[in-house]
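Notes for the structure review
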Amino acid sequence: MKLSRISLAILPLLSLCSVQAAVYNVVEIGEVSEVKSTYAAAINDSGHAVFNGAISTNSALNAQGVPQNGNGLGAFNFPIDLNAIDFESESITAVLTDEQLADAINGNIDATVQNILLSLNPAGQRIGFSLSYINGIDGVLQNLPLRDLTQQRSNSEYLYDINNAGVAVGVATTTFTWQSYTPDVTDDEPEPETVELWVPEASHQLGAVVQDGQVRVIPAPYQELGGGYTVARAISNNGLIAGYGSSGMTDDIKEAIEEACTGASQPVATCLYNRAVAGSYLQRGMVWQLQADGSVAAPEILGFLGDKNTGTAFEGEGVNAVTYFSVANDVNNNGIAVGRSLYSDSDRTERVRVGNQVVDRIVRAQHASLYVEDQVLPLVDPLEWSISDAVAINNNDIIIGYGQKVINSAVRNKMFYHDYSSGQTRFVDGFFSSSNTFPRAINDSNQIVGQAEVILGGTTTRRGHGFIYDITANSFTDLNALIGCNSPYTVVDAADINDNGDILATALIMKERKDLLGEVVVDAQGNPVKEELAVTVKLQPVANGEPEDCASEQTEYERKGGTAGFGWLTLGAALVWWRRRKV
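Residues numbered from 1 in each chain as written. Predicted model: local features only at pLDDT ≥ 70, side-chain atom pairs only at ≥ 80, totals over all residues. Heavy atoms only, no water.

1. Description of the side chain of Gln 283
Selection rule: The secondary structure listing takes helices from DSSP runs of H or I that are at least 4 residues long and strands from runs of E that are at least 2 residues long, numbered from the N terminus. When a residue's accessible area, from a 1.4 Å probe over protein chains only, is under 20% of the maximum for its type it is buried; when over 50% it is exposed; and in between it is partly exposed. Throughout this description, a polar contact denotes any pair of N or O atoms lying within 3.5 Å of each other; where both atoms belong to protein, one of them has to be capable of donating a hydrogen while the other can accept it, and for residues adjacent in sequence the pair is counted only when both atoms sit in side chains. Contacts were defined at the residue level, with two residues in contact if any of their heavy atoms lie within 4.5 Å.
Tracing the backbone through its elements, the reader meets Gln 283 in strand β14 (residues 282–289). Look at Gln 283 and you get buried, because its relative accessible area is 17%. Reaching out from Gln 283, the side chain makes a polar contact with the side chain of Tyr 229 at a distance of 2.7 Å. Each residue touching Gln 283, except ones within four places of it in the same chain, is listed here: Tyr 229, Tyr 244, Gly 245, Ser 247, Tyr 324, Phe 325, Ser 326 and Val 327.

2. Examining unusual backbone geometry
With the exception of glycine, most residues fall at negative phi, and the peptide bonds are largely trans. At Asn 408, a position not held by glycine, the phi torsion is positive, near 55°. Along the polypeptide, Asn 408 turns up in the loop between β22 (398–407) and β23 (410–419). Looking at Asn 408, the relative accessible area reads 58%, which means it is exposed. In this model, Asn 474 sits at a positive phi of 55°, which is unusual for a non-glycine residue. Locating Asn 474 in the fold gives a position in the loop between β27 (462–470) and β28 (475–478).

3. What about the pattern of salt bridges?
Which entries qualify depends on this criterion: Any carboxyl oxygen of Asp or Glu that lies within 4 Å of a side-chain nitrogen of Lys or Arg is treated as forming a salt bridge with it.
Applying the stated criterion across every chain yields a total of 13 salt bridges. As a salt-bridge pair, Arg 513 and Glu 531 come within 3.5 Å of each other at their nearest N and O atoms. In this pair, Arg 513 is assigned in the loop between β30 (503–512) and β31 (530–541) and Glu 531 in strand β31, connecting sequence segments 18 residues apart. Where salt bridges share partners, they join Glu 28, Glu 31 and Lys 511 into one cluster.

4. Notes on the sheet that holds strand β1 (residues 24–28)
The pairing of strands in a sheet comes from backbone hydrogen bonds and takes either a parallel or an antiparallel form. Heads up, the rule is: Here, any two strands with at least 2 DSSP bridges between them count as paired. Axis definition: a line fitted to C-alpha atoms, over the contacting stretch in the case of helices. Angles run 0 to 180 degrees between N-to-C directions.
Strands sit in the order β1-β31-β30-β29 across an open sheet of 4 strands; the sheet is antiparallel. Where the open sheet ends on each side, the last strands, each with one partner, are β1 and β29 (490–497). Sheet twist, expressed as the mean angle between neighbouring strand axes with direction ignored, is 40°. Summarising the sheet, β1 and β31 pair through 5 bridges and their orientation is antiparallel. When the bridges of β31 are listed, Tyr 24 appears paired with Pro 541.

5. Thoughts on the state of the cysteines
What counts is decided by this rule: Only a pair of cysteine sulfur atoms within 2.5 Å qualifies as a disulfide here.
All chains considered together, the criterion is met by 1 disulfide. Across the disulfide, Cys 261 is cross-linked to Cys 271 (sulfur-sulfur distance 2.0 Å). Taking the sign of the S-S torsion, -70° for the link of Cys 261 and Cys 271, the bridge is left-handed. Remark: Cys 271 occurs in helix α5 (residues 268–277) and Cys 261 occurs in the loop between α4 (251–260) and α5; sequence separation between them is 10 residues.

6. Quick word on the sheet that holds strand β3 (residues 49–54)
Strand order in the open sheet made by the 4 strands is β2-β3-β4-β5, with antiparallel pairing throughout. Two strands lie at the open edges of the sheet, namely β2 (38–43) and β5 (141–143), each paired on one side alone. Sheet twist, expressed as the average angle between the axes of neighbouring strands with direction ignored, equals 25°. Summarising the sheet, strand β4 (residues 130–135) and β5 pair through 3 bridges and their orientation is antiparallel. Residue pairing for β5: Tyr 133 is matched across the bridge by Asn 143.

Below, the structure is given as structure tokens:
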């Protein structure tokens, strides 16, 4: 890829010599046989990585933010359950020829029929969104099922992190099985018909730990009425696991679920699943300790910012009732966790739409949170930033995250880093002041990687590019400028960086298009058709490498120089007091 000249800081280069040019070698590690595209997650200091592959190409949430079923169109040879399909139904006979019908009934389908059946999904088969992969100590790339032991692909499985011992953590949603169900007899339906449908297992999602090829799920501390849930987001080198899960349920919701989920009109498991996905549980951030025998100890349950950052709840009623929650995204070897939790300000109101009404209610929003010594501390000013999140922390106690506010008449997200020892938070402009900038990870050399917007040359089109930001050098650099002008890859997101400077990233590249059975698609002349796909790549520093001088002007950064601008934030004496009172 060719890019315009930008000012570059000299980066620490900690690798062996390479015959390739530029600052980084690009090594593709994410081409797999099960899916078309893969997306980077994490890399440890030994270079072992975890990443995820896309089973489906549609969004996991619909326009209203409600979880929806996958379409399976990102997978090769997705296992359609042909036994669940009524091939005599009008919806099927209208779209398949007699020959296609006969073949399908006998279990033989080509790529065209595979596409039709997945797009139509006549049996409502449950389809997941992701497979997880680990490139472990033996170097072998493996798709290791977390909960989908029969590999029916009815659920979504993600690995998010891997520590230096090779222990990986992530989450798996529930699996579904095809079952018979008969509703209760009623006056309106004295002879209800038995139907076949997909029924979920308990716990709509569970955190998972992968160690030495073995998978253990993390049970929820609160499991009533649906099994509860957990999510494991990160693991430190000393086995602390950061995440969140179900911590309880209000009496009103419990009563409503018990009244609704009787099994009279739908399976109890389906009803409990739908309620859980809709948010029936109270949620808290959690930190677990991985034990020597591979088990996971009961979690430390974290608090929340609460009303005016006091850590206590505001007891409101009606539209002023507030359901507080917290999430832990990361934890370091020092036991300090970071994430987000709900903040409220009972002295301020906001006008919002609730259903069909517009009401005034007290302000509440999720904000970046620091969990340390039984405290939950704020990291940004809620009067300036509408929402925020803390995504990672290194072993120097440097926290990274982002805040959201209106910039140039549009809502934008800007990266910050926070030094726990000094209590100071600094916001970074990125490529330009209105560029959405999301940090993903920070190593112990205080190098941050993530994704930030650039503007494609000669257009107003914004596109995400992977970046590296060095706190010490105050240099913010597009990774595409460091991989060589003629590289076929465009790095669109940088997910992680280890202490050797290796970066795990997601890149786009033109590849031969394959159909849903994995066969190469050709045009009328017999030439392979190309398409742009996402793949997981490893960027390895080149000893004494230097950025190439690319002549063309294809990317604009709307600013001069390679250093980042800063917005400075200080939280004042209150935060200093909160931080020091137990130090």
